[in-house]
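Residues per chain are reported as follows:
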Amino acid sequence: MSVTLVHSGARLWSINALAEEFGIDRRTVKRRLEGIPPVGETKGHPAWRLRDVVVAVMGPQVAAPEDDPDKLPPAERLTHYRAEREKAKWLAEQRFQIPVDEVEEVVATAFKSLASALDTLPDVLERDCALRPEEVERVISVVDGAREALYQQLLDVCSLLDETVYEDS
């Protein structure tokens, strides 16, 4: 890469040096520099200051998107929400997002199975392990305590989820 200093201290960049620096084909750089006069030479070839040609070579940079899509102009807002809707559809198709009713159905089925297993546990222990009646009563007490603790934990999680949903809305 050939870079030459001119009297003002600015570096001059040839077409080849710009192509190498930006990682694009030299023919593309040459085409994009049409209409921008060189400010000097380097090894007998025209050369430019980087600050004079960077936008022409790389193109204008897109501004960062607004944090609030509702502040965008109407056409951009429409485009944003269409894109979000398509993204949501794609996520659902790929099963990265699962509809609430499906999640509720699966969770309900799992907890019904768990409740059924917990309900039959004392009978199974009495029959298969020959537990005495007082031992079975203790198992029932422990299972009821565990079931109540699980219920309270589910209520806590659900209230946290509700708070999160309402905060995001």
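For the structure, check the block above.
Criteria and thresholds
- Residues numbered from 1 in each chain as written.
- Predicted model: local features only at pLDDT ≥ 70, side-chain atom pairs only at ≥ 80, totals over all residues.
- Heavy atoms only, no water.
- Helix = DSSP H or I, 4+ residues; strand = E, 2+ residues; numbered from the N terminus.
- Expected span 1.5 Å × (residues − 1).
- Salt bridge = Lys/Arg side-chain N within 4 Å of Asp/Glu carboxyl O.
- Buried < 20%, exposed > 50% of the residue type's maximum accessible area, 1.4 Å probe, protein only.
- Bend = angle between axes of the 7 residues up to and from the residue.
- Phe/Tyr/Trp six-rings, centres within 6.5 Å; stacked < 30°, edge-to-face > 60°.
- Core = buried A, V, L, I, M, F, W, Y, C linked by side-chain atoms within 4.5 Å.
- Pairing = 2+ DSSP bridges.

## Quick word on helix 4 (residues 74–93)
Right, on to step 1. Helix length check: helix 4 (20 residues) gives 28 Å between terminal C-alpha atoms against 28 Å at 1.5 Å per residue, within 8%.
Right, on to step 2. Two residues or fewer after helix 4 comes Arg95, characterised by a positive phi angle close to 65 degrees.

## Structural notes on the pattern of salt bridges
Right, on to step 1. Tallied over the entire structure, the rule returns eight salt bridges.
Right, on to step 2. Taking the shortest distance from any N to any O, the salt bridge between Arg27 and Asp25 comes out at 2.9 Å.
Right, on to step 3. Here Glu86 and Lys89 are joined by a salt bridge, their closest N and O atoms 3.5 Å apart. Note that Glu86 and Lys89 are positioned in helix 4 at a spacing of three residues, about one turn of the helix.
Right, on to step 4. For Glu86, a relative accessible area of 47% translates into the label partly exposed.
Right, on to step 5. If you follow the salt bridges from partner to partner, you end up with Arg132, Glu134 and Glu135 in one network.

## A closer look at helix 5 (residues 100–129)
Right, on to step 1. Counted at 1.5 Å a residue, the expected span for helix 5 with its 30 residues is 44 Å, and the 41 Å between its end C-alpha atoms agrees.
Right, on to step 2. Most pronounced at Leu121, the bend in helix 5 amounts to some 40 degrees, and the proline Pro122 follows within four residues.
Right, on to step 3. Positive backbone phi, at 55 degrees, marks Ala130, one or two positions downstream of helix 5.

## A short note on the packing of aromatic side chains
Here a ring pair, both rings aromatic, is described through the centre-centre distance and the interplanar angle of the planes.
Right, on to step 1. Enumeration over the complete set of coordinates arrives at one aromatic pair.
Right, on to step 2. Seen from their ring centres, Trp90 and Phe96 are 5.7 Å apart, and the 35 degrees between their planes marks the pair as tilted.
Right, on to step 3. We classify Trp90 as partly exposed; its relative accessible area is 45%.

## A look at unusual backbone geometry
Right, on to step 1. A positive phi is found at Arg95, a non-glycine position, where the angle reads about 65 degrees.
Right, on to step 2. Inspection of the secondary structure puts Arg95 in the loop between helix 4 and helix 5.
Right, on to step 3. For Arg95, a relative accessible area of 45% translates into the label partly exposed.
Right, on to step 4. Not every positive phi belongs to a glycine, and Ala130 is a case in point at roughly 55 degrees.

## Some words on the nonpolar core
Right, on to step 1. Formed by Trp13, Ile15, Ala17, Leu18, Ala19, Val29, Leu33, Trp48, Val53 and Val57, the largest nonpolar core amounts to 10 residues.
Right, on to step 2. When contributions to this core are tallied by element, the ones reaching two or more residues are helix 1 (15–22) and helix 3 (50–58).
Right, on to step 3. With four residues, helix 1 is the single largest residue contributor to this core.

## What about the pairing of strand 4 (residues 45–49)?
Right, on to step 1. One ladder, built from two bridges, connects strand 2 (residues 11–13) with strand 4; its direction is antiparallel. Of the residues in strand 4, the one forming a bridge with Leu12 is Arg49.
Right, on to step 2. One ladder, built from three bridges, connects strand 3 (residues 40–42) with strand 4; its direction is antiparallel. In the sheet register, Glu41 faces strand 4, and the bridge partner there is Pro46.

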